[in-house]
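Survey of secondary and tertiary structure
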Amino acid sequence: MTDPVAALRSAFVARCRTDLAELRRLGDRGDTAGVGALVHRLAGAAGSFGFPEVSAAALVVDQQIRDGGAAAQADMERLLGLLTELAGAEDSRSRPHPG
């Protein structure tokens, strides 16, 4: 029997690649509202799919935007780094292994 959440979790990880690019694009444009909406969604979804570090990092950025309109650079870099790791881990699982 397959885990029905596994497919959703895999889709979430795949979407993280898109979210990562979108966060960078929104940040480069200075679109704080767009960043806020995306990190708010990530904070909830990441926790639901078993990625508490990503959820916590997104929640920090989300709260900073809600409180003051901008995220601290270090906190945004942490979130981007976690998303990069997550997307890279998925890529390595989808590649054929030599041997």
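Given the structure is predicted, the values throughout are model-derived calculations rather than measurements.

With respect to the helices and strands, glycine 36 occurs in helix α2 (residues 32–48). On the basis of relative accessibility, which here comes to 8%, the residue glycine 36 falls in the buried class. Along the primary structure glycine 36 and valine 61 are separated by 25 residues, whereas in three dimensions their C-alpha atoms are 7.7 Å apart. Here glycine 36 is in contact with Asp62 and Ile65, once residues within four sequence places are set aside.

A separate point is the packing of α2 against helix α3 (residues 52–68). If you want to describe how two helices pack, look at the angle between their axes and the distance between the axes. At a closest axis distance of 8 Å, the pairing of α2 and α3 adopts a crossing angle of 145°. Of the two possible hands of crossing, α2 and α3 adopt the one that is left-handed. Two secondary-structure elements touch here, α2 through Thr32, Val35, Gly36, Val39, His40, Leu42, Ala43, Ala46 and Gly47 and α3 through Val54, Ser55, Ala58, Leu59, Val61, Asp62, Ile65 and Arg66. Its residues assigned to classes, the contact of α2 with α3 comprises ten nonpolar, five polar and two charged.

For the rest of this paragraph, the subject is the nonpolar core. Soluble globular proteins tend to pack their nonpolar side chains together in the buried interior. The biggest cluster of nonpolar side chains holds 25 residues, and the ones touching the most others in it are Phe12, Leu23, Val54, Leu79 and Leu83. Excluding residues within four positions of it along the chain, leucine 23 makes contact with Val35, Leu38, Val39, Leu42, Leu79, Leu80 and Leu83.

Residues with a pLDDT of 70 or more make up 89% of the chain, whose mean pLDDT is 87. Confidence drops under a pLDDT of 50 for residues 91–99, and excluding neighbours within four residues, the segment shows two contacts in the predicted structure.

What the largest pocket holds in volume is close to 220 Å³. Lining the largest pocket are 18 residues, with Leu23, Gly27, Val35, Gln73 and Met76 sitting closest to its centre. Breaking the lining of the largest pocket down by element, the ones donating at least two residues are α1 (4–29), α2 and α4 (73–94). If you tally residues by element for the lining of the largest pocket, the top one is α1, at five residues. Residues of the lining of the largest pocket, tallied by class, amount to nine nonpolar, five polar and four charged.

Let us now look at the pattern of salt bridges. Applying the stated criterion across every chain, the model contains six salt bridges. Here arginine 41 and aspartate 19 are joined by a salt bridge, their closest N and O atoms 2.7 Å apart. Of the two residues, arginine 41 is situated in helix α2 and aspartate 19 in helix α1; the sequence distance between them amounts to 22 residues. Three or more residues joined by partner-sharing salt bridges are found here, namely Arg15, Asp19 and Arg41.

Definitions and cut-offs
Residues numbered from 1 in each chain as written. Predicted model: local features only at pLDDT ≥ 70, side-chain atom pairs only at ≥ 80, totals over all residues. Heavy atoms only, no water. Helix = DSSP H or I, 4+ residues; strand = E, 2+ residues; numbered from the N terminus. Buried < 20%, exposed > 50% of the residue type's maximum accessible area, 1.4 Å probe, protein only. Contact = heavy atoms within 4.5 Å. Axes fitted to C-alpha atoms, helices over the stretch in contact; angles between N-to-C directions. Left-handed = near helix turned anticlockwise from the far one by under 90°. Nonpolar A, V, L, I, M, F, W, Y, C, P; charged D, E, K, R; others polar. Core = buried A, V, L, I, M, F, W, Y, C linked by side-chain atoms within 4.5 Å. pLDDT = per-residue confidence, 0-100. 1 Å grid on protein atoms, 1.4 Å probe; cavity = no way out; pocket = protein on both sides within 12 Å on 5 of 7 lines; lining within 4 Å. Points joined across faces, edges and corners; volume = space filled by probe spheres on them. Salt bridge = Lys/Arg side-chain N within 4 Å of Asp/Glu carboxyl O.

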